[in-house]
Each structure stands twice: as structure tokens, then as C-alpha cells.
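Structure at a glance
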Amino acid sequence: QVQLVESGGGLVQPGGSLRLSCTASGSIFSIYVMAWYRQAPGPSRELVVLITSSGSTNYADSVKGRFTISRDNAKNTVYLQMSSLKPEDTGVYYCNVEASRTALATSVHDYWGQGIQVTVSS
């Protein structure tokens, strides 16, 4: 099993900053893609940003220029630096990793964290 633990959420004023962290642990052979999703009040969970093994990134238009993703492969950790936060950034943020547990290609799966609350409000 692979477990993801998120930290760094909380309450911040508009224009402020937060830094989220997500660390993967357990039986991990290789991690490929790491990503952050978020879910605002409502039914849809949207991709905020992802980063590949080669370092390529893909940001949602709504966060470009304000959020930055990075990864530390030695620590199995992904970070999300959030700046110039807006009330519409409020939601539950979920860490997601695509990883394999063994050398077998059939062992590749997506794993999800439990989610962490980010609230942007005065």
C-alpha cells in the first residue's frame, strides 16, 4: 500500500501565501506523475497542476503565475507554493501520485491523499 500525507493548509487572507506539502510512503518502486487537485463547494474536482518525472509541468489557467509546483524525488515529496491567493482558491486540495509498487507494469496505480482545507477569506 502507498500512503499520501498532506500538510500546510489553513486560513489565509486574500493576497496571502500558503505552501502545501505531500509525502508518499509505503511500498514504492517508482513515482511517475505527481499532482494537486482541488474541490470547491460543489461536485467537481479539478486538476490544479501536475509535474512529470522529467520535470514538465501543466497548470490550470486559473492559477498560472500564482502557483508553483516542485518535487523532491529523494524524499518522495511534492510541494505547492500558492501566492496571491484569492477567495475563489478556497477548497479542499488533494495530492495525487501515479506510482508503481513493483517492476511490473501492471502494478502502476493512482493514489490519493485525504485532502487538506485551504480557506482564503478576510
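How each quantity is defined
Residues numbered from 1 in each chain as written. Predicted model: local features only at pLDDT ≥ 70, side-chain atom pairs only at ≥ 80, totals over all residues. Heavy atoms only, no water. Core = buried A, V, L, I, M, F, W, Y, C linked by side-chain atoms within 4.5 Å. Buried < 20%, exposed > 50% of the residue type's maximum accessible area, 1.4 Å probe, protein only. Helix = DSSP H or I, 4+ residues; strand = E, 2+ residues; numbered from the N terminus. Pairing = 2+ DSSP bridges. Axes fitted to C-alpha atoms, helices over the stretch in contact; angles between N-to-C directions. Salt bridge = Lys/Arg side-chain N within 4 Å of Asp/Glu carboxyl O. Contact = heavy atoms within 4.5 Å. Polar contact = N/O pair within 3.5 Å; in protein donor to acceptor, adjacent residues only side chain to side chain. Phe/Tyr/Trp six-rings, centres within 6.5 Å; stacked < 30°, edge-to-face > 60°. Lys NZ or Arg CZ within 6 Å of the ring centre and 35° of its normal.

Notes on the nonpolar core
Grouped together as the largest cluster of nonpolar side chains are 30 residues, with contacts concentrated most on Trp36, Leu80, Met82 and Tyr93. Going through the elements one at a time, strand E1 (2-7), strand E3 (18-26), strand E4 (30-39), strand E5 (46-51), strand E7 (67-72), strand E8 (77-82), strand E9 (91-100) and strand E11 (116-120) are the ones with two or more residues in this core.

Focus on unusual backbone geometry
Look at asparagine 76: it is not a glycine, yet its phi comes out positive at around 50°. The exposure class assigned to asparagine 76 is partly exposed, which follows from its relative accessible area of 25%.

Here we look at the sheet that holds E7
Hydrogen bonding along the main chain pairs the strands of a sheet, whether they run parallel or antiparallel. Sheet architecture is open: 4 strands sit in the order E1-E3-E8-E7, paired in antiparallel fashion. The two strands at the open ends of the sheet, each matched to only one other strand, are E1 and E7. Along the sheet, successive strands turn relative to each other by an average axial angle of 15°, direction set aside. As paired elements, E1 and E3 share 6 bridges and run antiparallel to each other. Opposite glutamate 6, over in E3, you have cysteine 22 as the bridge partner.

Considering the pattern of salt bridges
In total, this model carries 4 salt bridges according to the counting rule given. Arginine 38 is the partner of glutamate 46 in a salt bridge, and the nearest nitrogen-oxygen pair spans 2.7 Å. Judged by its relative accessible area of 37%, glutamate 46 is partly exposed. Put simply, aspartate 89 and arginine 38 hold a salt bridge, and the shortest N to O gap is 3.0 Å.

Concerning the environment of tyrosine 93
Secondary-structure assignment places tyrosine 93 in strand E9. Taking relative accessible area as the criterion, tyrosine 93 reaches 0% and is therefore assigned buried. Through-space distance from the C-alpha of tyrosine 93 to that of serine 83 is 15 Å; in sequence the pair is 10 residues apart. Here tyrosine 93 is in contact with Glu6, Leu20, Trp36, Tyr37, Arg38, Val48, Phe67, Leu80, Met82, Gly115, Ile116 and Val118, once residues within four sequence places are set aside. Here the side chain of tyrosine 93 touches arginine 38 through a polar contact of 2.9 Å, side chain to side chain.

Observations regarding the packing of aromatic side chains
If you walk through the whole model with that rule in mind, you get 1 aromatic pair. Arginine 19 extends its terminal NZ or CZ atom over the ring of tyrosine 79, reaching a point 4.4 Å from the ring centre. Directly above the aromatic system of tyrosine 94 lies the positively charged group of arginine 45, at a separation of 3.7 Å from the ring centroid.

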